Amino acid sequence: MEGDGGTAAAWMATHRGMYERATRHPFTVSIRDGSVDLAAFKRWLGQDYMFVREFVAFLASVLLKCCKQSDSSDMETILGGLASLSDELSWFKKEAAKWSVDLAGISPLSSNMEYCRFLQSFDDPEISYTVAITTFWIIETVYQDSFASCIEEGNKTPAELLGTCQRWGSPEFKQYCQSLQRIADRCLANAPPDVVKNAEEAFLRVLELEIGFWDMSSSQS
Ligand SMILES: Cc1ncc(CN)c(N)n1
């Protein structure tokens, strides 16, 4: 995904330390090495279900910004992502039943609320499509990269967690993230410097929020 000469890959390289803290977090590393605390996994599952419900609204706001562009050719890609969130919500419900996690009884923890507030801020029409699509790309990429590492050769991921890891670590999801990266790169290449700066800030904010989300899952903070 990296090394293709675009701005997105350049940011991943410049901010390598933060990127790795988000994508090789002790929580996902513990899945990969088989030492994961299942109570933490269940906490992540319940919290992420709530996050994904908010993520649907975020993605709808990205789609709306896309439709307002003179060239709205990215619409199908975004719509595909939105449609797959419907499957994702069903998957969470099935998985929650499997792990006896009561989704109706969950309240969002503070790091999740903070992340959801960030997603809600994209309702503002002043936030550009470039910033929004870049944000969408990095949110999905953190999960793709994190979970792909749990199914790489040599993993000791518990069998009952492989389905979760394959959901985001699959080659198909990687391809989807690469298509988002190409869109983000094209938008960034045509954007004025202040918009590029805002997009880089959003990129870094996502990494921070993702680290907070994993921390919360590991320790209930
Ligand atoms: C916190 C978080 N970040 C990203 C994803 C991937 N859609 C997710 N489900 N949850």
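Residues numbered from 1 in each chain as written. Predicted model: local features only at pLDDT ≥ 70, side-chain atom pairs only at ≥ 80, totals over all residues. Heavy atoms only, no water.

The protein chain goes by aminopyrimidine aminohydrolase in an unreviewed UniProt entry, where it is assigned to Triticum aestivum.

**Let's talk about the packing of helix H2 (residues 16–23) against helix H10 (residues 193–219)**
Following both chains from N to C, one finds H2 and H10 inclined at 35°, their axes separated by 8 Å at the closest point. Here H2 runs over H10; the crossing is left-handed. Counting all contacts with H2, which are made through Met18, Tyr19, Arg21 and Ala22, the residues of H10 involved are Leu204, Leu207, Glu208, Glu210, Ile211 and Trp214. Among the residues making up the contact of H2 with H10, the classes are represented as seven nonpolar, no polar and three charged. (Axes fitted to C-alpha atoms, helices over the stretch in contact; angles between N-to-C directions. Helix = DSSP H or I, 4+ residues; strand = E, 2+ residues; numbered from the N terminus. Left-handed = near helix turned anticlockwise from the far one by under 90°. Contact = heavy atoms within 4.5 Å. Nonpolar A, V, L, I, M, F, W, Y, C, P; charged D, E, K, R; others polar.)

**Some thoughts on the state of the cysteines**
This model, assessed by the stated rule, comprises zero disulfides. Cys66 carries a free sulfur, and the closest cysteine sulfur to it, the one in Cys67, is 5.3 Å from it. The class of Cys66 is buried, set by a relative accessible area of 0%. (Disulfide = S-S within 2.5 Å. Buried < 20%, exposed > 50% of the residue type's maximum accessible area, 1.4 Å probe, protein only.)

**Things to note about helix H5 (residues 75–98)**
The end-to-end C-alpha distance of H5 is 35 Å, a good match for the 34 Å that 24 residues give at a rise of 1.5 Å each. Listing the buried residues of H5 in full gives Ile78, Gly81, Leu85, Glu88, Leu89, Trp91, Phe92, Glu95 and Ala96. Packed against the buried residues of H5 are helix H4 (38–67), helix H7 (129–150), helix H8 (162–169) and helix H9 (171–189). Ser100 sits one or two residues past H5 and shows a positive phi near 55°. (Expected span 1.5 Å × (residues − 1).)

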